[in-house]
Amino acid sequence: MHTPNDAISATRSYLYICSLGTVFIVGYNAVSAILRGLGDSKTPLFICCNCVCNKCYCRFYLVDGYQMGAAGAAIATVLAQAGAFIFSLIYLKYKGLGFKFNRQDISFNLPMIAKITKVGLPIGLQSALVGISFLLITVIVNGMGLVASASVGVVEKLIEFLMLPAIALGNAVATMTAQKFWGRAVFTSV
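Just so you know, these numbers come straight off a predicted model, no measurement behind them.

Student: Tell me about a nonpolar patch on the surface, residues and numbers included.
Tutor: A cluster of nonpolar residues, Val155, Leu158, Ile159, Phe161, Leu162, Met163, Leu164 and Ile167, forms a patch on the protein surface that exposes about 760 Å² of accessible area. With a relative accessible area of 47%, Leu158 lands in the partly exposed category.

Student: Help me get a handle on the packing of helix H1 (residues 8-20) against helix H4 (residues 69-95), residues and values and all.
Tutor: Contact pair H1 / H4: the axes reach a minimum separation of 8 Å and the direction vectors enclose 15 degrees. By the angle class used here, H1 and H4 are roughly parallel. Viewed along their axes, H1 and H4 form a crossing whose handedness is right-handed. Contact residues: Ala10, Ser13, Tyr14, Ile17 and Cys18 in H1; Ala70, Ala71, Ala73, Ala74, Ile75, Thr77 and Val78 in H4. Taken together, the residues that form the contact of H1 with H4 break down as ten nonpolar, two polar and no charged.

Student: Give a description of the packing of aromatic side chains that names residues and reports values.
Tutor: For the structure shown, the criterion picks out one aromatic pair. Here Phe24 and Phe85 contribute two aromatic rings whose centre-to-centre distance is 6.4 Å and whose plane-to-plane angle is 50 degrees, an arrangement assigned as tilted. With Phe24 in helix H2 (residues 22-37) and Phe85 in helix H4, this pair connects stretches of sequence that are 61 residues apart. Looking at Phe24, the relative accessible area reads 24%, which means it is partly exposed. Among the residues examined, Phe85 registers a relative accessible area of 18% and is labelled buried.

The rules we used
Residues numbered from 1 in each chain as written. Predicted model: local features only at pLDDT ≥ 70, side-chain atom pairs only at ≥ 80, totals over all residues. Heavy atoms only, no water. Patch = residues over 30% accessible without salt bridge, like charges linked within 9 Å, V, L, I, M, F, W, Y side chains within 5 Å. Areas by Shrake-Rupley, 256 points an atom, 1.4 Å probe, with all protein chains shown as cover. Salt bridge = Lys/Arg side-chain N within 4 Å of Asp/Glu carboxyl O. Buried < 20%, exposed > 50% of the residue type's maximum accessible area, 1.4 Å probe, protein only. Axes fitted to C-alpha atoms, helices over the stretch in contact; angles between N-to-C directions. Helix = DSSP H or I, 4+ residues; strand = E, 2+ residues; numbered from the N terminus. Parallel < 35°, antiparallel > 145°, perpendicular 65-115°, else oblique. Left-handed = near helix turned anticlockwise from the far one by under 90°. Contact = heavy atoms within 4.5 Å. Nonpolar A, V, L, I, M, F, W, Y, C, P; charged D, E, K, R; others polar. Phe/Tyr/Trp six-rings, centres within 6.5 Å; stacked < 30°, edge-to-face > 60°.

Laid out in structure tokens, this is it:
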């Protein structure tokens, strides 16, 4: 990816440490999706705010206090994600789902998986194409040196921040639409 030589070791350690936290990202997002599907969009927001605060605190402590650089930022990210996932699991355990749910209820329903895939494929493809385009931009700019690479990284973070309202609105509309669509499908088939 034409990563500048000055940034290779930091990039490698950041990527390795953050990849260890993938299970926490997936877990937290799964629990958040369950809560949103049940109509509770406030709890995932609270947990996410807590995660951001922990991440900022840990980054300040690890990056500035212990001078750990990119590795400290990655450790802070993983710790915050783990905390959010564990807290969300505890919350879900004590709040409950509002209906009985056992391990026997989990099964692979291939027709339902096909319907969900058909509905989710366009947005998944869109997200993949956006990610690939940012990756290509990163490859091109990394060839221009460390300053250009860092500048594009900052701008990409700013773009992510500015896109949050649109993404949040899209998630809310998707959740409401899915509840209406799947609720109608379930109740008409019973």
